[in-house]
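Here is what each chain is made of, one letter per residue.
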Amino acid sequence: MKEIVIKTDRLSKRFGDFIAVNEISFEVQKGEIFGFLGANGAGKTTAMRMLCGLSIPSSGTAEIAGFEVYKQAEQIKRNIGYMSQKFSLYEDLTVSENISFFAGIYGLTNREIKEKGEALVEQLGLEKETKKLVGSLPLGWKQKLSFSVAVLHEPKIVFLDEPTGGVDPVTRRQFWDLIYEASAKGITIFVTTHYMDEAEYCDRISIMVDGRIAALDSPSKLKTQFKAGTMDEVFYQLARGAKRGD
Amino acid sequence: MKQFVNFVRKEFFHVMRDRKTLLILFGMPVAQILIFGFALTNEVKNSKLIVFDQAKDPASQELIAKIEASRYFEVERSVMNEQQMEAVFRQGEIKMAIVFPAGFNSGLLHEHHAQVQVIADASDPNTANMLSNYLSAIVMDYQSTRSKSLVLPYRIVPEVRMLYNPQLKGAPNFVPGVMALVLMLVCVMMTAISIVKEKETGTMEVLLVSPFKPILVIISKTVPYLILSLVNVASILLLSVFVLELPVNGSVLLLFGESVLFIITCLTVGIFISVKTDSQQVAMLISLMGMLLPTVLFSGFMFPIENMPYPLQLFSNVVPAKWFYIIVKSIMIKGLGFEAIWKETLILAGITVVLLVISLKSFKIRLS
Amino acid sequence: MRTIRFLLQKEFRQIFRNRAILLLIGVMPVMQLLILPLAANYEVKNINLSVVDHDHSGYAQKLVAKVTASGYFKLRGYGASFKEELKKIESDEADLILEIPEGFERNLIREDQQQLFIAVNAINGVKANLGGAYLTSIIKNFNEEIRIELLPPGRFNPGPVIEIIASNWYNPLMEYRFYMVPGILAILVTMIGGFLSALNIVKEKEFGTIEQINVTPIKKHHFILGKLIPFWVLGNIVFSLGLLVAWLIYGIIPIGSLLVLYGFLAVYLLAILGFGLLISTFCDTQQQAMFIMFFFMMVFILMGGLFTSIDSMPDWAKLVSRFNPVSYLIEVMRMVILKGSGWRDIWPQFGIITLFAVVLNAYAVINYKKTN
């Protein structure tokens, strides 16, 4: 039996009268690449923020890496990595300064910081850029760096919120190579995206519509279920019925 | 024209939506008027005084009672020796000490002469000066009550009339200053920061590629601040008339006209700063140090320009707020008409034109 | 502890890479300390005087000569009509008009009494008050002289005389700068500390980096400490720079102990930085934080007793100034630097400012939400 690392039960978030996330229940296994899809405003980001301990749920339960979100938010934070929609490294720090800062606050020892930092830089081919300010790098590199920093402390789960927005297809491909590598190390990937080709890369995907999970399965099974040739069509069939959006 | 109105409306939404900033913008003049109007006075009263009475005779007691009765002093306590006196001064509360030597009364009775020592905490020289004057006046007064001769011959009686401000309030001096300061703040700082913010977040590019002249984009950003500023002018005038009871002696229309001129000056400065800078923090710093500080320093409402060294006096002439301050003071307090302030108006207009030309030029350079 | 080290390292790197901050630290102290004391000179002198002399007598001329010789007044006009000279007041060329009526000398001798008219531009109350007082006291002296001149000796017995010996402690030359510089130093550290700390967390919010921090296991108080310490160090540096400038340019050396000065400053900085951080936890944009901070700074500085003494404020304003941390720093600065006050003299202020520091920082930590 596989280890379950994310488990939610009727997890909800209300803002006044508005129900952003409406009783979602699902499980994610260790090492899985879990795609979290939905139109704009479907509630993806809110749901993800609850799982990361950034937002307190209104009702329902969720367990992340064996800790529950209400009381053990700080333990959860030790075991996850996070990369937000907005690029979130410090633009006014250099590549190596960013690496050692984030590694440091996750409690890595100086030796670990040095070794892992060097490995990371080498993997991304950034050897010449370590002393450059992150703000001066092209967006694609920033995104890759941001991801590598998010998994540097070897979290159990890494949450990625639309990580590849605005980058070119080649870089996106390279970015997914990084994701596969992390997944192979046993890190669970929880990723939201708008790109349907990326959805195909996931082991399983869920599609949110109006705050609820409308479908959840592997891409191929979903395609059969909805009698669709591509994930695009699956998504379109589901999203068409949505009442809210932007 | 319709496009322009559209743009202006968008800017209004931005401004109106940020409630916290809006609150500050309208709260600022109110707070300033209240503080300047009621909290800050140069009048000295109830200053704490200590007595070192070595005489302890009827004369010294009488004089102490007289000091106690005046509204300027509160006799805090008596000290027994010099060391105690010093210790009390160091604690900071006491501003003044009076020392009676032994035999004060008998000196007055038999030798027609006695001494008192008056010690002021001169770390604050102006207060020390005023308190010394008041205390001397009380002593003099006491002296003349002891004097036998009644009416002096050959009296010169000065009759002092206080023009414009008979009660010597602070308000007439600072209301025009607050006006200059608030307008400066709203127009320069807000405009500069809000334009730079669009640059920082990248939305400026979107506006600049729209089929709309770039300069109109910029102008439309300034319109809400122009209107906000006029509202502020009105609220300052209302507060000063109804709360401070300081009427507008001249023409209100003229006052608003001149305010519009000054607002345009400030907006131009704001635009200039925004063209030259790329981050909000830098824009803020430049408007703070480059405009706000000079306004406070050199407009003449807080610091007397005539006491400054000559180079600074000379510099004050290029500070727009100085001229606006003179204009407002002339219209509002002295009730003068345009014929008295046309020179200042011309100077202000001249400064505005120069600034406008410079910022338009740098704006064009920036675009190409 | 290690977390804090990494946070500090990051903050310092960012600070030293920020042009705006370096500009602020470098230019502000010099600007303020060089220009403000020169500009903020409230000594009332050089009062512009206009004389309207309808008498043209010897006494009238003597009086005018005495007034101009006093050093307080500058003769700006000597005209024949009050109306003409009033125009000078309207255009700010003159502050004061002394009108000597026709028959001044004759009436004084024949009728024992004669009036003089003084009109003062009272828009600036202080200047008017002092100017008027100076002029009347000069006239009074002139009066005495005339009396002695006119009266045969012995006919007039002035009665007992109380001689007043005045001494001015702590600042015998009555230099206004000595009073201003310690106050300006206080304002300086307050502004730098307050603005920088207020903008800091908000900037992370605006750029989105705060999200990244919030998902890490950093503790709230670690994060706040990481923000506090760098600005605390900066505040101390700016203050030391200011002290140096005060010594080099104005020759002001603290009479009291430096230990007391820095001890008080250390706690004060914590208080004002905590206040800045508190504001930044309330705001979403730098613009907001800037304006809110600006508002408080303005109130704090105006009501802090830098320009006008707190003693003469009305009761409600005195009450407000008790909640104004800046007023305590200004007071202590002046006490220690000018009067040499020690721990025993400043402990009440020290206690209050400690309370400020604790409350403001605790509030900031509580109000900084990692979750919503």
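Residues numbered from 1 in each chain as written. Chains lettered and ligands numbered in written order. Predicted model: local features only at pLDDT ≥ 70, side-chain atom pairs only at ≥ 80, totals over all residues.

Here chain C is described as being made up of domain 1 (2-40 + 173-367) and domain 2 (47-150). Taking only C-alpha atoms, the centre of domain 1 of chain C and the centre of domain 2 of chain C are 48 Å apart. (Domains from an automatic or database assignment.)

The subject of this paragraph is the sheet that holds strand β2 (residues 18-29) of chain A. Residues and elements named next belong to chain A. Spatially, β2-β1-β4-β5 is the arrangement adopted by the four strands of the open sheet, whose pairing is antiparallel. Edge positions in the open sheet fall to β2 and β5 (67-68), since each of these has one partner strand only. Pairing of strand β4 (residues 59-64) with β5 involves two bridges; the strand directions are antiparallel. Along β5, the bridge assignment pairs Glu63 with Glu68. (Pairing = 2+ DSSP bridges. Helix = DSSP H or I, 4+ residues; strand = E, 2+ residues; numbered from the N terminus.)

Contacts between the two partners involve 91 residues from chain C and, on the opposite side, 93 residues from chain B. Listed by contribution, the elements that provide at least two residues to the side of chain C that touches chain B are α2 (19-39), α4 (82-90), β4 (113-121), α6 (125-150), β5 (161-169), α7 (176-207), α11 (286-302) and α13 (325-339) of chain C. Counting residues per element, the side of chain C that touches chain B draws most heavily on α6 of chain C, which supplies twelve residues. In terms of residue class, the side of chain C that touches chain B is built from 54 nonpolar, 25 polar and twelve charged. Looking at chain direction, strand β5 (residues 155-163) of chain B and β4 of chain C are connected through nine bridges and run parallel. By the bridge assignment for β4 of chain C, Ile156 of chain B is matched with Gln114 of chain C. (Contact = placed C-beta atoms within 7 Å. Nonpolar A, V, L, I, M, F, W, Y, C, P; charged D, E, K, R; others polar.)

Residues and elements named next belong to chain B. The UniProt feature table records "transmembrane region" (unreviewed entry) at residues 21-40, 174-196, 223-244, 250-275, 282-304 and 340-360. Annotated as residues 21-40, this span is 95% helix and 0% strand, and its ends, taken at the C-alpha atoms, are 26 Å apart. Overall, residues 223-244 shows 91% helix and 0% strand. The separation of its end C-alpha atoms is 30 Å. (UniProt positions renumbered as here; feature names shortened; annotations may be inferred.)

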